[in-house]
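Listed here are the chains, written in short residue letters.
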Amino acid sequence: MLTLSLDLAGEIGSATISSDVGPLATVELHLQKKPLRHCARLIDGVTKLADVPVKRIERLCTITGPGSWTGLRVAAVTVNTLSIALQVPVIAVNLFEVFQAYMTPGESNALGVVQVSHNQVCVATLGSTAPYRSQELPEVSVLRICSLASLLEGRKAILAVNSSTFDTLRGQLVEAALVDTRHLPRPSIIAADIAAKKWQAGPSHWATPVRPLYIGSPPTVPEHTLEG
Amino acid sequence: MIVMAIETACDDTAVAIVRDGHDVLSSVVITEMVAQERFGGIVPELAARAQLELLTPAIEQALAEASVQLTQIDALAVNNRHGLLRSITVGVAAAKALSLALNIPLMPIHHIEGHVYSALIENPGIPWPHVCLTVAGGHNLLLQANSHGEYQLLGRTLDDAAGEVYDKLARRLGLGFPGGLQIDRLAAKGDPNAFALPRPMIGDGTCDFSFSGLKTAVTRLVDDFVDASKPIPAEDIAASFQAAVVDVLAAKVLVAVRQVNSSVVTVTGGVAANSELRSRLSKMGPDHDFEAFFPSLRYCTDNAAMIACAAHHLGIEHAAGINEALDASSNAPLGNLGVLYSSKKQRG
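Everything in this summary refers to the structure shown in the same document. (Residues numbered from 1 in each chain as written. Chains lettered and ligands numbered in written order. Predicted model: local features only at pLDDT ≥ 70, side-chain atom pairs only at ≥ 80, totals over all residues. Heavy atoms only, no water.)

1. Details of the overall build of chain A
Check the secondary structure of chain A and you find six helices and eleven strands. Looking at chain A as a whole, 52% of its 228 residues are labelled buried. For chain A, contacts bridging at least 24 residues in sequence account for 61% of all contacts bridging at least 6. Total accessible area computed for chain A in this model is approximately 10,000 Å², and 52% of it derives from carbon and sulfur atoms. (Helix = DSSP H or I, 4+ residues; strand = E, 2+ residues; numbered from the N terminus. Buried < 20%, exposed > 50% of the residue type's maximum accessible area, 1.4 Å probe, protein only. Contact = heavy atoms within 4.5 Å. Areas by Shrake-Rupley, 256 points an atom, 1.4 Å probe, with all protein chains shown as cover.)

Take a look at the structure:
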C-alpha cells in the first residue's frame with residue numbers, strides 16, 4: 001500500500017511516501033513556525049518526487065503529538081480532510097513511538113524529550129519492547145526546560161528540541177549522550193513504517209479521524225454541544 | 001460553477017456548496033457551545049480544537065444536503081483573512097488538502113468581503129456601486145463597494161464594534177453568548193426612552209463610529225442598579241441601548257448615502273439581523289431616496305455561502321496556486337485598500 005506520512009510536530013516538517021518495500025521519497029522543510037504555509041508544499045513536493053499522484057495514496061498517517069499544537073492541528077486537519085476526499089484510512093502515530101524505533105535492540109532507560117513550547121518539554125522513558133503499540137508507551141511528563149538538565153545528566157536521551165535548546169543542554173551536560181533527531185531518519189519515514197504495522201494489527205475505517213494530543217494543556221471541555 | 005466554501009473565522013464551523021454564486025445547495029453552520037457557556041465568550045484555542053473535530057462532519061453534511069459528490073465540485077473557497085488566527089488556520093488547512101486531493105482551484109477570500117457579498121446571495125442584481133454597512137462582533141465598517149473587489153472606505157469604528165458591545169451587555173445582564181438576539185428580543189418588550197444613553201459621534205458629519213463610550217455608559221447603568229440592590233430593568237435597558245446603537249448606525253448610513261450620492265445600501269454582518277435596524281433603515285429608505293437590502297437572517301451571521309458567493313463573483317482568476325504561500329492572517333487589508341480593519345484602534 002502507498003502510504004503518505006506527514007510530520008509537522010517540530011521545527012522541521014517532513015512528508016514521506018512509502019510502499020510495502022520501504023520509503024519512496026521524503027521531503028523536509030524548516031517550518032519557520034508556519035506549518036500551514038508549508039504543509040501543502042510538503043505534500044505536493046513529495047508526491048512529485050515519488051511520482052505518485054495524490055489520488056493513488058492508499059493510506060495516510062501523521063504524528064499526532066507531542067509537539068507544537070498548531071503544527072499538530074494543521075497535520076491532523078490535512079490528513080483528516082485528505083481521508084474524506086480520497087476515502088482512505090488515516091493512522092495516528094505518537095512521536096514517542098517513533099523514538100522507540102530509534103532505539104537499538106535491548107537498549108533501555110533512555111529518555112525521549114520533545115519541546116512543545118518555548119519553555120516546556122514532554123519527557124518519556126523509552127524502552128525497546130513493543131515499539132509499535134501505543135498502549136505500551138510510558139507515561140509522559142511535562143517539564144520546564146530549566147529542570148531538564150538534572151534529569152538528563154549521565155543518561156542517553158533522544159531530543160526533538162529547538163536548536164538553541166539543544167545547544168544549551170549540550171553545553172551544560174558533559175556526561176549525557178544527547179541524540180538530536182535532526183540527525184536521525186525523519187519521523188515521517190519511521191511513522192509510515194509504524195502505520196503499516198498498526199494497519200496489519202488492526203485495520204481502521206477510512207472515516208475515522210485522528211486528533212492531536214494537546215499534551216501540557218489544561219483540562220478542556222469534555223464534550224461538545226452542537227448547534228446549527 | 002459549483003463552489004464549496006469553508007468559513008472558520010470565529011467559533012463557527014461553516015461549509016456551503018453554492019452553484020453560480022446564488023443557488024445555495026447547502027449551508028451548514030455548526031457552533032460549539034459548551035466552552036462559550038463555561039467561559040462566557042469565545043476562547044480561541046478551544047474554538048480551534050472544536051473546529052478540528054467539526055470540520056469533516058460539516059463537509060460530509062454539506063455534501064449530503066446538496067446531494068453532490070466531491071468530484072462535482074469545480075472550485076474551493078476559504079476565508080483566510082480576518083478572524084481568529086487558529087480558527088482560520090483549521091479552515092485553510094482543510095481547503096488546501098481538498099484542493100490537492102481534487103486538483104481544483106482554491107480561492108482565498110477576506111472574511112469582511114464575504115459579508116459584503118452576503119447581500120448578493122439572494123439579490124444578485126444589486127447594482128454597483130453601492131454603500132455597504134457591515135457590522136458584526138469583530139468589525140464595523142461603512143464602505144462604498146465600487147465594483148467586484150474594489151472598495152472605498154467611508155468609515156469604521158475607532159474602538160469597539162457594535163456587535164461586541166451587544167455581547168458585552170448581554171453578558172452583563174446574564175443573557176448568555178452571543179448576545180445580539182437576546183438583547184433584540186428583550187428590547188422589543190422595553191421602553192427605548194427609559195434611559196438617556198449617549199449616541200457617540202452621531203452628529204460629527206463623518207462615517208466613523210465609536211461604541212466604547214456607550215458600552216461604558218450602559219455598563220455603569222447596570223452597575224448602578226446592582227450597587228443600589230434594585231432589580232435591573234433589563235427590558236428597558238436593552239431597549240434604550242438598542243435605540244442608541246440603531247440611531248448611530250442609521251445616522252451614519254445617511255451621512256454615507258449623501259457623501260457618495262448612492263441610492264442603494266446593503267446592510268450585512270451579525271448586527272444586520274437586528275430587527276430594529278432592519279425596520280429603521282427600510283423605513284428611512286424611501287424618505288431619503290435609497291433602497292436598503294438585507295440578507296436573510298441565516299446569511300447575516302458567519303456562514304460559508306457568503307464566501308462561495310464572493311469567490312464566484314471575484315472570479316477563478318483569484319485562485320491561489322497550492323505552492324504559493326497561501327497563509328492565514330488575523331487582520332489583513334480588504335480588497336484594493338491598503339489599510340487594516342480590526343475593530344480596535346489601527347489608525348496611523
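From this point, the narrative continues.
2. Focus: the pattern of salt bridges
Side chains carrying opposite charge are able to pair once their charged atoms draw close together. Evaluation of the coordinates by the stated rule reveals 21 salt bridges over all chains. Here Glu-28 of chain A makes a salt bridge to Arg-186 of chain A, at a shortest N to O gap of 3.7 Å. With Glu-28 of chain A in strand β3 (residues 22–30) and Arg-186 of chain A in the loop between β10 (177–180) and α6 (187–201), the pair connects residues that are 158 residues apart, well separated along the chain. Residue Arg-186 of chain A is classed as buried on the basis of its relative accessible area of 8%. A salt bridge links Asp-327 of chain B to Arg-37 of chain A; the shortest N-O distance between them is 3.0 Å. One end of the pair, Asp-327 of chain B, is in the segment after α11 (305–314); the other, Arg-37 of chain A, is in helix α1 (residues 35–50), on a second chain. Since its relative accessible area comes to 29%, Arg-37 of chain A is described here as partly exposed. Look at the salt bridges and you will find they share partners, linking Arg-73 of chain A together with Glu-45, Arg-49 and Arg-86 of chain B into a network. (Salt bridge = Lys/Arg side-chain N within 4 Å of Asp/Glu carboxyl O.)

3. Some points on the sheet that holds strand β6 (residues 130–135) of chain B
Residues and elements named next belong to chain B. A sheet is described by the order of its strands in space; here five strands give the open sequence β8-β7-β6-β9-β10, paired in mixed fashion. Each edge of the sheet is formed by a strand with only one pairing partner; in this case those strands are β8 (150–156) and β10 (291–293). Taken pair by pair, the neighbouring strands of this sheet meet at an average axis angle of 25°, ignoring direction. Strand direction decides the pairing type here: strand β7 (residues 140–147) and β8, joined by six bridges, are antiparallel. Within β8, the residue paired with Leu-143 across the bridge is Leu-153. Each of β6, β7, β8 and β9 (264–268) is contacted by helix α4 (residues 111–122), which is oriented at about 120° to β9, the strand it contacts most. (Pairing = 2+ DSSP bridges. Axes fitted to C-alpha atoms, helices over the stretch in contact; angles between N-to-C directions.)

4. Points about the environment of Ala-58 of chain B
All names here are of chain B. With respect to the secondary-structure elements, Ala-58 resides in helix α2 (residues 44–66). For Ala-58, a relative accessible area of 0% puts it in the buried group. C-alpha of Ala-58 to C-alpha of Leu-141: the two residues are 83 residues apart in sequence and 30 Å apart in space. Contact partners of Ala-58, with chain neighbours within four places excluded, come to Thr-13, Val-15, Val-28 and Ile-30.

5. Points about unusual backbone geometry
With omega at -5°, the peptide bond leading from Gly-65 of chain A into Pro-66 of chain A counts as cis. Among the structural elements, Pro-66 of chain A can be located in the loop between β4 (59–65) and α2 (69–86). Following Trp-128 of chain B, the chain continues to Pro-129 of chain B via a peptide bond in cis, the omega torsion being -5°. With respect to the helices and strands, the residue Pro-129 of chain B is situated in the loop between α4 and β6.

6. With respect to the side chain of His-130 of chain B
All names here are of chain B. Mapped onto the secondary structure, His-130 falls in strand β6. Overall, the relative accessible area of 0% leaves His-130 in the buried class. Leave out the neighbours within four places in its chain, and His-130 touches Leu-120, Leu-143, Gln-144, Ala-145, Ser-262, Val-264 and Thr-266.

7. Here we look at the sheet that holds strand β7 (residues 120–126) of chain A
Two strands in a sheet stick together by hydrogen bonds in their backbones, pointing the same way (parallel) or opposite ways (antiparallel). All names here are of chain A. Pairing in this open sheet of five strands is mixed, and the strands run β8-β7-β6-β9-β10 from one edge to the other. The open sheet terminates on both sides in strands that have one partner only, identified here as β8 (141–144) and β10. Looking at each pair of strands side by side, their axes are set apart by 30° on average, direction ignored. Pairing between β7 and β8: four bridges, direction antiparallel. Across the sheet, Gln-120 pairs through a bridge with Arg-144, a residue of β8. Docked against the sheet, helix α3 (residues 95–102) engages β6 (110–115), β7 and β9 (156–160), running at close to 140° with respect to β6. Together, β6, β9 and β10 form the strand contacts of helix α5 (residues 163–172), whose direction differs from that of β10 by roughly 165°.

8. Overview of the packing of aromatic side chains
Tallying each qualifying case throughout the model produces seven aromatic pairs over all chains. Taking 5.9 Å as the distance between ring centres and 90° as the angle between the ring planes, the aromatic pair formed by Trp-69 of chain A and Tyr-214 of chain A counts as edge-to-face. Pair noted here: Trp-69 of chain A is in helix α2 and Tyr-214 of chain A is in the loop between α6 and β11 (226–227), with a separation of 145 residues, a long-range link. A residue is classified by how much of its surface remains accessible, and Tyr-214 of chain A, at 17% relative accessible area, is buried. Between Phe-99 of chain A and Tyr-102 of chain A, the ring centres sit 6.0 Å apart and the planes meet at 35°, which makes this aromatic pair tilted. Of this pair, Phe-99 of chain A and Tyr-102 of chain A both sit in helix α3, three residues apart, roughly one helical turn. A relative accessible area of 13% means that Tyr-102 of chain A is categorised as buried. Put simply, the rings of Phe-96, Phe-99 and Tyr-102 of chain A touch in pairs and so form one group of aromatic residues. The aromatic ring of Tyr-214 of chain A is capped on one face by Arg-49 of chain B, whose charged end is 3.8 Å from the ring centroid. (Phe/Tyr/Trp six-rings, centres within 6.5 Å; stacked < 30°, edge-to-face > 60°. Lys NZ or Arg CZ within 6 Å of the ring centre and 35° of its normal.)

Purely spatial values, then, with no claim about function.
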